[in-house]
Amino acid sequence: EAGGVVLGKSAEKLFSLSGLFAVYKPKGPTSAGVLNLLKERLLAEAGVQTNGNKRNQVLKIGHGGTLDSAAAGVLVVGIGKGTKMLRTMLAGSKKYTAIGLLGKATDTLDATGKVTEEKPYDQITKGDLENVLQKFTGDIMQVPPLYSALKKDGERLSTLMKRGEAVEAKPARRVRVYSLSLQQFQPPLFTLDVECGGGFYVRSLVSDIGKELSTCATMQELTRTKQGPFTLEEHALHEDKWTIDEIARSLEHCTSLLPDEPSHKKLKTEHPGETAVSCE
């Protein structure tokens, strides 16, 4: 029973769902927005009435790591008991394809921001770019972007920035880049494939690469192609598949991807922040 209402078959099935699955997040909405839409779809299909604000308590659902609104790609979702497994997703490895633009910098470090600087870039060769990438591989120090979901006094930095408050940059922190390669170079555009650990900002990487080349750069497009063991091609459910049955099927398929609980704990103590790397 949910709030004294006898549940129908599909609602029963919905509330019994548990585990991790992945959805495709398109460009535009926030990660939270995608989750709310997913939740509304499922509750509507199950015929569960929600009084607007109560809907969050009705169905336990969460995601394993924010993708910027302007970014697309795989978003790992936890449902039921799966919500407790999302922390390992945040810490684990992720893969991205990013398109950078040379010669322009923006305040947000991506295409949504205001241009703050323009510099010539025609002197840069493909070789220059490839050489610089080596400096950004392995354990590196990275300053997170000012416009980000990181918080100061409980508020997102991006919210403070938009209000026009002075925000100090967070200190540089150690992040891990497992691999970084140049896929395409058509100046001013360049395409990177990057596999990184938790807390990594691809926008900062693109901006830092620009500075290292004595010009500037901003991220034009970002797609997350993999998060932990979930890949965009194989596992991410597009909106037309956001049904109770499709998700149930996906959860069954995805359980086999995840390591068993005990090895989870063992991994955690040995390599903090690398928990999801081993689940290929």
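Residues numbered from 1 in each chain as written. Predicted model: local features only at pLDDT ≥ 70, side-chain atom pairs only at ≥ 80, totals over all residues. Heavy atoms only, no water.

### Regarding the overall build of the chain
Within the chain, the secondary structure is distributed over 10 helices and 14 strands. Expressed as a percentage of its 280 residues, the buried residues of the chain come to 45%. Within the chain, counting contacts between residues at least 6 apart in sequence, those at least 24 apart form 71% of the total. Surface accessibility of the chain: about 14,400 Å² in total, with carbon and sulfur atoms responsible for 50%. (Helix = DSSP H or I, 4+ residues; strand = E, 2+ residues; numbered from the N terminus. Buried < 20%, exposed > 50% of the residue type's maximum accessible area, 1.4 Å probe, protein only. Contact = heavy atoms within 4.5 Å. Areas by Shrake-Rupley, 256 points an atom, 1.4 Å probe, with all protein chains shown as cover.)

### Concerning the UniProt feature "domain: tRNA pseudouridylate synthase B C-terminal" (unreviewed entry) in the chain
What UniProt calls "domain: tRNA pseudouridylate synthase B C-terminal" (unreviewed entry) maps, in this numbering, to residues 203-238. Structurally, residues 203-238 is divided into 39% helix and 42% strand, and its ends, taken at the C-alpha atoms, are 25 Å apart. (UniProt positions renumbered as here; feature names shortened; annotations may be inferred.)

### Thoughts on the nonpolar core
If you look at the biggest cluster of nonpolar residues, it comprises 29 residues, and the most contacted ones within it are Phe-190, Leu-192, Val-194, Phe-200, Val-202 and Ile-209. Of all the secondary structure elements, the ones that give two or more residues to this core are strand E4 (94-102), helix H5 (126-135), strand E10 (173-186), strand E11 (189-196), helix H7 (202-212) and strand E12 (217-227). Broken down by element, this core gets its largest block of residues, 5 residues, from E10. Ignoring any residue separated from it by four or fewer positions in sequence, one finds Leu-192 in contact with Tyr-96, Thr-97, Ala-98, Leu-133, Leu-180, Ser-181, Leu-182, Gln-183, Leu-205, Val-206 and Ile-209. One finds Ala-11, Leu-17, Ile-61 and Leu-237 within the second-largest nonpolar core, a separate group that totals 23 residues. (Core = buried A, V, L, I, M, F, W, Y, C linked by side-chain atoms within 4.5 Å.)

### Focus on unusual backbone geometry
Residue Pro-188 is bonded to the preceding Pro-187 through a cis peptide linkage, with omega at 5°. Topologically, Pro-188 is positioned in the loop between E10 and E11. For Asp-153, which is not glycine, the phi torsion reads 50° and is therefore positive.

### Things to note about the pairing of E10
Of the strand pairs in this sheet, strand E7 (residues 138-142) and E10 are connected by 5 bridges, and their pairing is antiparallel. Residue pairing in the sheet places Gln-142 in a bridge with Arg-173 of E10. Alignment of E10 against E11, held across 8 bridges, turns out to be antiparallel. Paired with Gln-186 across the two strands is Leu-189, which belongs to E11. Remark: 2 residues form the turn of the hairpin made by E10 and E11, two consecutive strands paired antiparallel. (Pairing = 2+ DSSP bridges.)

### Thoughts on the environment of Gly-228
Here Gly-228 lies in the loop between E12 and strand E13 (230-231). Judged by its relative accessible area of 1%, Gly-228 falls in the buried class. Taking C-alpha positions, Gly-228 is 9.8 Å from Gly-64, a pair spaced 164 residues apart along the chain.

### Focus on the environment of Met-141
Inspection of the secondary structure assignment puts Met-141 in strand E7. When its relative accessible area of 48% is taken as the criterion, Met-141 is described as partly exposed. Sequence-wise, Met-141 and Pro-171 are 30 residues apart; in three dimensions their C-alpha atoms are separated by 9.5 Å. Those residues in contact with Met-141, other than ones at most four positions away along the chain, are Ala-172, Arg-173 and Arg-174.

### A closer look at the pattern of salt bridges
Enumeration according to the criterion identifies 9 salt bridges in this entry. Of the charged contacts, one joins Lys-114 and Asp-107 as a salt bridge, the two residues approaching to 3.9 Å between their closest N and O atoms. According to the relative accessible area criterion, Lys-114 is exposed, its value standing at 59%. Residue Arg-163 is joined to Glu-165 by a salt bridge in which the shortest nitrogen-to-oxygen separation is 2.9 Å. (Salt bridge = Lys/Arg side-chain N within 4 Å of Asp/Glu carboxyl O.)

### Some details on the packing of helix H1 (residues 9-16) against helix H9 (residues 244-255)
Between H1 and H9, the least distance of the axes is 10 Å, while the angle of their chain directions is 30°. If you check the angle between H1 and H9, you find them roughly parallel. Crossing of H1 over H9 shows left-handed handedness. Packed against H1, whose contacting residues are Ser-10, Lys-13 and Leu-14, the element H9 presents Ile-244, Asp-245 and Ala-248 at the interface. Taken together, the residues of the contact of H1 with H9 break down into 3 nonpolar, 1 polar and 2 charged. (Axes fitted to C-alpha atoms, helices over the stretch in contact; angles between N-to-C directions. Parallel < 35°, antiparallel > 145°, perpendicular 65-115°, else oblique. Left-handed = near helix turned anticlockwise from the far one by under 90°. Nonpolar A, V, L, I, M, F, W, Y, C, P; charged D, E, K, R; others polar.)

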